[in-house]
Amino acid sequence: MQVLKFGGSSVANAANISKVVAIVAKAIEKEPTILVVSALGGVTDQLIEIGVLASTGQESYKAYIQTLEDKHLTAVRDLLPIQHQSATLSWVKQQLNELERVCDGIFLLGELSARIKDRLVSYGELLSSYIITAKLKDCALEPVWADTRQLILTNDLYGNALVDFHHTNAAIQAFIKKNPAQLYVAPGFIAANEKQYTTTLGRGGSDYTGAIFAAAVQASTLEIWTDVTGMMTADPRLVLHPKPIDAISYQEAMELSHFGAKIIYPPTIQPVMKQNIPVWVKNTFEPDAAGTVIQQHSVANSDIVRGISSINNIALLSLEGSGMVGIPGFSKRLFEVLALRNINVILITQSSSEHSICVAINEADADLAQQSIDAYFAYEIENGKVNPVIVEKDLSILAVVGEQMKSHPGISGKMFGGLGRNGINVRAIAQGSSEKNISAVIAAADVKKAINVLHEDFFETTYKQLNVFIAGAGNVGGKLISQLHQQMQYLKDHMRLQIQVVGIANSKRAVLDDAGIDLANWSTSLQQAPETNIQAFVDAIIQKNLRNSVFVDVTANETVASVYAQLLSKSIAVVACNKIACSAAYANYKKLKSLARTFNTQFLFETNVGAGLPVIGTLNDLLRSGDKVNKIQAVLSGTLNFVFNHYDGSIPFAQVVKRAQDEGYTEPDPRLDLGGTDVMRKIMILAREAGEQMEMADITNESFLPASCFEGSVADFYAEMEKQEAHFKQLYEAAKANHAKLKFVAVYDKGVAKVGLEHIPADSDFYHLYGKDNLVLFYTERYPEQPLVIKGAGAGAEVTASGVFADIIRVA
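Here is what the cut-offs are and how they apply
Residues numbered from 1 in each chain as written. Predicted model: local features only at pLDDT ≥ 70, side-chain atom pairs only at ≥ 80, totals over all residues. Heavy atoms only, no water. Helix = DSSP H or I, 4+ residues; strand = E, 2+ residues; numbered from the N terminus. Polar contact = N/O pair within 3.5 Å; in protein donor to acceptor, adjacent residues only side chain to side chain. Contact = heavy atoms within 4.5 Å. Core = buried A, V, L, I, M, F, W, Y, C linked by side-chain atoms within 4.5 Å. Buried < 20%, exposed > 50% of the residue type's maximum accessible area, 1.4 Å probe, protein only. Phe/Tyr/Trp six-rings, centres within 6.5 Å; stacked < 30°, edge-to-face > 60°. Lys NZ or Arg CZ within 6 Å of the ring centre and 35° of its normal. Arc of directions from axis to C-beta. Salt bridge = Lys/Arg side-chain N within 4 Å of Asp/Glu carboxyl O.

Novice: For this particular structure, what's the right way to read the side chain of Asn16?
Specialist: Following the sequence through the fold, Asn16 ends up in helix H1 (residues 14–27). Within polar-contact distance, the side chain of Asn16 engages the backbone oxygen of Ser9 at 2.8 Å. Apart from residues no more than four positions distant in its own chain, Asn16 is found in contact with Ser9, Ser10, Val11 and Phe285.

Novice: Mind showing me how you'd approach the nonpolar core here?
Specialist: For soluble globular proteins, the rule of thumb is that nonpolar side chains tend to be buried together. With 82 residues, the main nonpolar core has Phe551, Tyr564, Phe603, Phe653, Phe704 and Met721 as its most contacted residues. By size, the runner-up hydrophobic cluster in this structure holds 51 residues, among which are Ala27, Leu35, Leu73 and Leu80.

Novice: What exactly am I supposed to notice about the packing of aromatic side chains here?
Specialist: The geometry of an aromatic ring pair comes down to the distance between the two centres and the angle between the two planes. Scanning the entire structure with this criterion turns up 22 aromatic pairs. Taking 5.8 Å as the distance between ring centres and 40° as the angle between the ring planes, the aromatic pair formed by Tyr586 and Tyr589 counts as tilted. One end of the pair is Tyr586 and the other is Tyr589, both in helix H20 (residues 586–598) and 3 residues apart, which spans about a single turn. The class of Tyr589 is buried, set by a relative accessible area of 3%. By way of ring pairs, the aromatic residues Phe644, Tyr647, Phe653, Phe704, Phe728, Tyr732 and Phe744 are connected into one cluster. Over the ring of Phe330 we find Arg333; its NZ or CZ atom is 5.9 Å from the centre of that ring. Residue placement shows Lys741 over the ring face of Tyr767; its charged tip is 4.5 Å from the ring centre.

Novice: What exactly am I supposed to notice about helix H10 (residues 330–340) here?
Specialist: Since one α-helical turn is 3.6 residues long, residues separated by three or four positions face the same way. Residues of H10 that are buried include every one of Phe330, Leu334, Val337 and Leu338, and no others. Projection of H10 onto a plane perpendicular to its axis shows the buried side chains occupying an angular sector of 100°, all on one side. Away from its buried face, by an angle of more than 90 degrees, H10 presents the exposed residues Lys332 and Leu340. Of the surrounding elements, those touching the buried residues of H10 are strand S11 (307–320), strand S12 (345–350), strand S13 (356–362), helix H11 (366–376) and helix H12 (378–382).

Novice: I would appreciate a short explanation of the environment of Ala740 in the present structure.
Specialist: Secondary-structure assignment places Ala740 in the loop between helix H28 (725–737) and strand S25 (741–749). In this structure the C-alpha to C-alpha distance between Ala740 and Ala762, which are 22 residues apart in sequence, comes to 6.5 Å. Not counting residues within four places of it along the chain, the set of residues in contact with Ala740 comprises Ala735, His759, Ile760, Pro761 and Tyr767.

Novice: Is there a simple way to think about the pattern of salt bridges in this case?
Specialist: Counted under the stated rule, the structure contains 26 salt bridges. With a closest N to O distance of 3.0 Å, Lys393 and Asp367 form a salt bridge. Linking Lys393 in strand S14 (residues 390–401) with Asp367 in helix H11, this pair joins segments that are 26 residues apart in sequence. Overall, Lys393 belongs to the partly exposed group, its relative accessible area being 37%. What makes Asp367 partly exposed here is its relative accessible area of 44%. One salt bridge connects Arg810 with Asp807, and the closest N-O pair in it is separated by 2.5 Å. In this pair, Arg810 and Asp807 are both assigned in helix H29 (residues 797–811), 3 residues apart and thus about one turn of the helix distant.

Shown next as structure tokens:
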């Protein structure tokens, strides 16, 4: 004999019930079958709502009953031919009239007791099972309807009654013997106590009913039919690509279901495990799919972890005090008071010093638990031996489960390392000695992120995903997006890395999409996006709380630079093309670096100095390997190098600068380049990275621009340069007379920094520097005379974007 149980989604309506009938008809061809069914989809919740409305004096409960009646009568009419409907319609109407009388009584009393609530919700399964039996009879399958209230005996714990298996097994076996048939239909979820009052087995108890029947008849198999194709490695509502689990052990299934996996009701496993009855979890809407088998031993495979699950709405109770140390009985008394209040303890952890013990319970029980514990330990609290219990709410429990975790080193480290890298704080940890389960209490807001982090670490071996948010969609930003789009497939194929751009913002608008923005049409999406500002964009990033998040700043905006601290403190990596943050006050620079270390994330800004050149990375490699930087000489402005390489007095200096701006080599305000400010920022950043505590005021700037060029707007600047053409021509002629070239050079030497225009002789490394190239010379303990040289294009949107791209990959 086999037992098939169908859940609420499988019997939600007539169309679904017809699918159930087809599956059952095929099943009974193999062997006799017991069919256990839930209420029609959503009916149990509706019945509870009706009871609440009636108990609070709201006459609208009658309209809800009418809706319920329409639902069931419609199902009968849709399932049965008109000539076979009358008897079933009459029975359904009779049950609903009885339901209404019960609700009228609740309304008059103004009270909904646990006992009456159980009777109220029992109508859902009674109605569905009777209607389905009528359909099966109409299909000539000759079912026998079994009232589980006459077969399953429980205690008086209404809402979550405990089964008397000795009596129940005997009753089921006697019923089967007395009523031989190929097919039996039984309502799930409901039972009765010795007084024949209706009880229920807990929400999800129809699974349990199936297991009770399977154990009683020693069934060959129990099949749980639902709306998903078996068990998954994680909740598909939280994880985009969960993996199906082909086989899982009873113990693993119990652990996962206890910690929130919704596929199977936790108590279901116990009866079938004793009889070694395999349990199949299958999909009503894909009946030919394999599903998941739950059995004595899981099949060993490459996945050390079998699954990840979570329980929400958790509160953590912490009892601590110096008076607990070395004194036996405190734990006993804590659990005793919780047991007296029927408060279930889900997780326990205690410090080895015995100074504190904490337990996780359902959040709904938190206030009662707090009052009860404080009252129970009133004497110790009054005498200062124990502190009043501390209650933390809005928490969840995250569980990693797998039999192969036993004695396998590194699982805990991998789990907590992944959580830590993503800024997920762990409030409590528990692990059983069987090593099948590692549980952690975390903030409820972090659950989705945490499950995705762990699922990626333990199951998604194909690639790692970065969720990228880009601020700035101008010249460099546009090039960066194009490069990301072009290289996406390459990174997946060769680096197992998926970079998903989930946010793009400019100064006015922002587009956000957790599933990834279509980079082929990002510009259109951004134009159509709602207006916003940078703070709203940052708030959205933090609220989304996506794993492996990276914020990329390709602006030159001070307001954007001001948000880095908010992001780093949420463990969101920051990649900055914008120099403002790192060249602001030294205290701000140190704060950002410190935040990145504290919150275990990265703050990268390679492009602050040499566009795509590996200047900062090389400097850091020297320092990390034990070298010491004594001197830096550099041409750090691709703009200025371009200008002086192209200016020979034949065309006005202003036109050469305009050409540099038009080709994308300058800052939005070219005066930052030509005035030396940009070079000052760059040499200061290098000095700071070398360990120097330096401010902009500490740097000498020997500017070549007349003071009048800094007045007014950018347009005024160009007009003034035209007036000052004789000055620029004089600078050129003076260098030419010395057989030298003009280069704007930055120098850091033993703690002192300066920038300025210099005459470069032919034997200098800087003389043969063409176009927009930069050149950096590092003189160190290891390179005292022949410096370490870095040379290449130091300006341009394409190379700057590639430097930002490289930093994004470094984050991964």
